[in-house]
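If you want the building blocks of each chain, they are given just below.
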Amino acid sequence: MTSLKIFLIEDDPFFGEALKYHLKLNPDFEVYLFKSGKECISNLYQKPDIICLDFGLPDITGDKLLKMIQETNNKIPIIIISGQEDIEVAVNFLKSGAKDYIIKNDQTKDILWNSIHKIRENLALVNEVKDLKEQLEQKFSFEKTIIGQSEAIKSVFNKINKSINTNINVSITGETGTGKEVVAKAIHYNSDRKNKPFIAINMAAIPKDLMESDFFGHEAGSFTGANTRKIGKFEQANGGTLFLDEIGDMPLALQ
């Protein structure tokens, strides 16, 4: 496991050192203890993975410090540690983007330990998804997946490049097995839509009676047998790409 850099902001030296000692029992945790909000802000250049801050600091209140950190980097998970048991205060912090709100008591160190481990697991998942997206983008880099030096292939590359930089409908023609979906994915994963869904539909496999429901979805109770809400393909692909595969095999009336 990679190390985790944790900022701990606590003006009570005894309580702060106790939390720091407990967290450092995990050799993967790098814990930095600061006694004021200003110290935290001036050290954000060190790029902490998690920040645990006391609500009642002497120089900056917890809500203001939370906002200042978010203005610098709104992706850092922040845990609030407070002596206030007011539910409204906790709810307001969570609404403002704090990942957790922990009350100061005898169980604080154990609750904080568990909270940090949960956040660490989520960070690991986020990084895994990011790596998979990067691999996917590399996989569908059309210069690597479509191999050829002929004038016809160069013409395809030129048209793909034009499609990537625009937001137009694209018609891809060719015999079965020539790589129409490969071209569609190359356009999608190299465009600004790459972080949105790529939805492929086998048009020849959709019955006429289900066409409208599949594409536009329906609400529960909108017709007999519609017991639940169904999201249509257009809504699923919103902001991304909808690939209508083998549209030429559909009956002309449906096209």
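Residues numbered from 1 in each chain as written. Predicted model: local features only at pLDDT ≥ 70, side-chain atom pairs only at ≥ 80, totals over all residues. Heavy atoms only, no water.

A.B. asks: Explanation requested: the environment of Ser-36 in the structure shown.
C.D. replies: Relative to the assigned elements, Ser-36 resides in the loop between strand S2 (29–34) and helix H2 (37–42). We classify Ser-36 as buried; its relative accessible area is 14%. Separated by 40 residues in the primary sequence, Ser-36 and Ile-76 place their C-alpha atoms 18 Å from one another. (Helix = DSSP H or I, 4+ residues; strand = E, 2+ residues; numbered from the N terminus. Buried < 20%, exposed > 50% of the residue type's maximum accessible area, 1.4 Å probe, protein only.)

A.B. asks: Please explain helix H4 (residues 87–95) as it appears in this structure.
C.D. replies: Considered for burial, the residues of H4 that qualify are Val-89, Ala-90 and Phe-93. Relative to the axis of H4, the buried residues are bounded by an arc of 100 degrees and lie together on one face. For H4, the exposed residues set more than 90 degrees away from the buried face come down to Ile-87, Glu-88 and Lys-95. Those residues of H4 that are buried are in contact with helix H3 (62–72), strand S4 (78–82) and strand S5 (100–103). Its side-chain oxygen 2.9 Å from the backbone nitrogen of Glu-88, Asp-86 forms the N-cap of H4. Downstream of H4 by one or two residues, Gly-97 has phi in the positive range, about 115 degrees. (Arc of directions from axis to C-beta. Contact = heavy atoms within 4.5 Å. Polar contact = N/O pair within 3.5 Å; in protein donor to acceptor, adjacent residues only side chain to side chain.)

The values are spatial; any link to function lies outside them.
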